[in-house]
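# Overview (structure and organization)
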Amino acid sequence: MAIGRASPLLRPARPEIPVLRPPRDMPRRRNFGAPAGRVALLHALAHIELNAIDLAWDLVARFGDSGLPRAFFDDWLGVAAEEAEHFALLASRLDTLGSAYGALPAHDGLWEAAAATAHDLIARLAIVPLVLEARGLDVTPEMILRLERAGDCASAAILARIYRDEIGHVAVGLRWFDRLCHERGLDPEAAFHDRVRRYFSGALKPPFNREARDQAGLPAAYYEPLGATSPAHSQGSPHPNPPPQAEEGAVPSPLNIPPSLAGEGGTHAVRRGRVGA
Ligand SMILES: [Fe+2]
Ligand SMILES: [Fe+2]
């Protein structure tokens, strides 16, 4: 199949439900021990995965005329397919638990990372896979443990599957980020710091899951200097273009999960909002 040209939409099509609300209006549910708490978690994750599908396809549609090789599109189609599997697994689990995707409200901050970086592929790759999806790697193990502790091993197994796939998504993002930087004569580490400071409001939230990030090949020199406790960040700096970001918890995905659901962790996110898939 040939790679064509497309006019990407400003926003992806969305079903009538779930109702989309500002992140601050989302209910706060932290109790994974109660069925309603787990349903809220899985619903939020399903919403993140739906956005992750769109984010992968947006890369294909938006940057299709950028002279990129076929392998770029093949990689992101593969990611989109896995995100679709993640959504289907979570939607099916919600059905099993007597709920459904759309039964609860969802936040409307997930597309902000795409909008903020629509003009700059290097920025998109820095923010979505290398910040938001990497954030998912940090917070997902704790969520799996909490689900297992609550006796919901079926949901935990789905998150474990997603976690493994997301390591691959970060690896794909890093491969293309580094390659594009080298082709454009940019130092990848410096370019990453620059794009995150410009398009991601605030510091990255430790602790970082070094083991999973290493598996994805993501060097600590990329993210550690941007961590909330690093000297560079304690000095503070204005962020003229703050994108949405995850607060104190996140879910596994390229976007971020509502802090209300993520407990101490976090997943795919642009900070202070939520993202993470
Ligand atoms: Fe992903
Ligand atoms: Fe995902």
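Residues numbered from 1 in each chain as written. Chains lettered and ligands numbered in written order. Predicted model: local features only at pLDDT ≥ 70, side-chain atom pairs only at ≥ 80, totals over all residues.

## Regarding the overall build of the chain
- Across its full length, the chain carries 10 helices and 4 strands.
- From first element to last, N terminus to C terminus, the chain shows the α and β order β-α-α-β-α-α-α-α-α-α-α-β-α-β.
- In the chain, which comprises 277 residues, the proportion classed as buried is 49%. (Helix = DSSP H or I, 4+ residues; strand = E, 2+ residues; numbered from the N terminus. Buried ≥ 20, exposed ≤ 12 C-beta atoms within 10 Å, placed from the backbone.)

## Things to note about the packing of helix 4 (residues 121-149) against helix 6 (residues 188-199)
- In the contact formed by helix 4 and helix 6, the axes pass within 9 Å of each other and the chain directions differ by 85°. Classified by the angle between their axes, helix 4 and helix 6 sit roughly perpendicular to one another. Residue-level inspection shows Ile 122, Ala 123, Ala 126, Ile 127, Leu 130 and Val 131 of helix 4 in contact with helix 6, the latter providing Ala 191, Phe 192, Arg 195, Val 196 and Tyr 199.
- Residues that form the contact of helix 4 with helix 6 fall into these classes: 10 nonpolar, no polar and 1 charged. (Axes fitted to C-alpha atoms, helices over the stretch in contact; angles between N-to-C directions. Parallel < 35°, antiparallel > 145°, perpendicular 65-115°, else oblique. Contact = placed C-beta atoms within 7 Å. Nonpolar A, V, L, I, M, F, W, Y, C, P; charged D, E, K, R; others polar.)

## Here we look at the environment of Arg 124
- With respect to the helices and strands, the residue Arg 124 is situated in helix 4.
- Along the sequence, Arg 124 and Leu 55 sit 69 residues apart, while their C-alpha atoms lie 9.6 Å from each other.
- Apart from residues no more than four positions distant in its own chain, Arg 124 is found in contact with Leu 59 and Thr 117.

## With respect to the nonpolar core
- Judged by nonpolar contacts, the single largest core of 68 residues is most densely connected at Ala 126, Ile 127, Leu 130 and Val 131.
- Sorting elements by how many residues they give to this core places helix 1 (residues 35-62) first, with 15 residues.
- Discounting residues that sit within four places of it in the chain, Leu 130 has contacts with Leu 125, Val 170, Gly 173, Leu 174, Phe 177, Phe 192 and Leu 218. (Core = buried A, V, L, I, M, F, W, Y, C linked by C-beta atoms within 7 Å.)

## Concerning helix 4
- Counted at 1.5 Å a residue, the expected span for helix 4 with its 29 residues is 42 Å, and the 41 Å between its end C-alpha atoms agrees.
- At Val 139, helix 4 shows its strongest bend, of approximately 40°, with the proline Pro 141 following within four residues.
- Counting buried residues in helix 4 gives 22 out of 29 residues, a clear majority hidden from the surface. (Expected span 1.5 Å × (residues − 1). Bend = angle between axes of the 7 residues up to and from the residue.)

## Description of helix 2 (residues 70-96)
- A rise of 1.5 Å per residue sets the reference length of helix 2, with its 27 residues, at 39 Å; its end C-alpha atoms lie 39 Å apart and thus fit the reference within 8%.
- Every buried residue belonging to helix 2 is among Phe 72, Asp 75, Trp 76, Val 79, Glu 82, Glu 83, His 86, Phe 87, Leu 89, Leu 90, Arg 93 and Leu 94, and all of these are buried.
- Downstream of helix 2 by one or two residues, Gly 98 has phi in the positive range, about 85°.

## A closer look at the packing of helix 1 against helix 2
- At a closest axis distance of 8 Å, the pairing of helix 1 and helix 2 adopts a crossing angle of 160°. Taken together, the axes of helix 1 and helix 2 are roughly antiparallel relative to one another. As for how helix 1 packs across helix 2, the hand of that crossing is left-handed. (Left-handed = near helix turned anticlockwise from the far one by under 90°.)

## Description of unusual backbone geometry
- Cis geometry marks the peptide bond from Ile 17 to Pro 18, where omega comes out at 10°.
- Examined against the element boundaries, Pro 18 turns out to sit in the segment before strand 1 (20-21).

## Regarding the environment of Ile 167
- Mapped onto the elements, Ile 167 comes out in helix 5 (residues 153-183).
- Measuring from C-alpha to C-alpha, the distance between Ile 167 and Leu 218 comes to 9.8 Å, with 51 residues separating the pair along the chain.
- Ile 167 has contacts with Leu 137, Ala 212, Gln 215 and Ala 216, leaving out every residue within four places of it along the chain.

## Some details on the confidence of the model for the chain
- Mean pLDDT for the chain: 84, with 82% of residues reaching 70 or above.
- Ignoring residues within four places in sequence, the model shows residues 234-275, a span with pLDDT below 50, making 214 contacts including any to other chains. (pLDDT = per-residue confidence, 0-100.)

## Focus: the environment of Tyr 163
- Structurally, the position occupied by Tyr 163 is in helix 5.
- Sequence separation of Tyr 163 and Ala 212 is 49 residues, and the distance between their C-alpha atoms is 9.1 Å.

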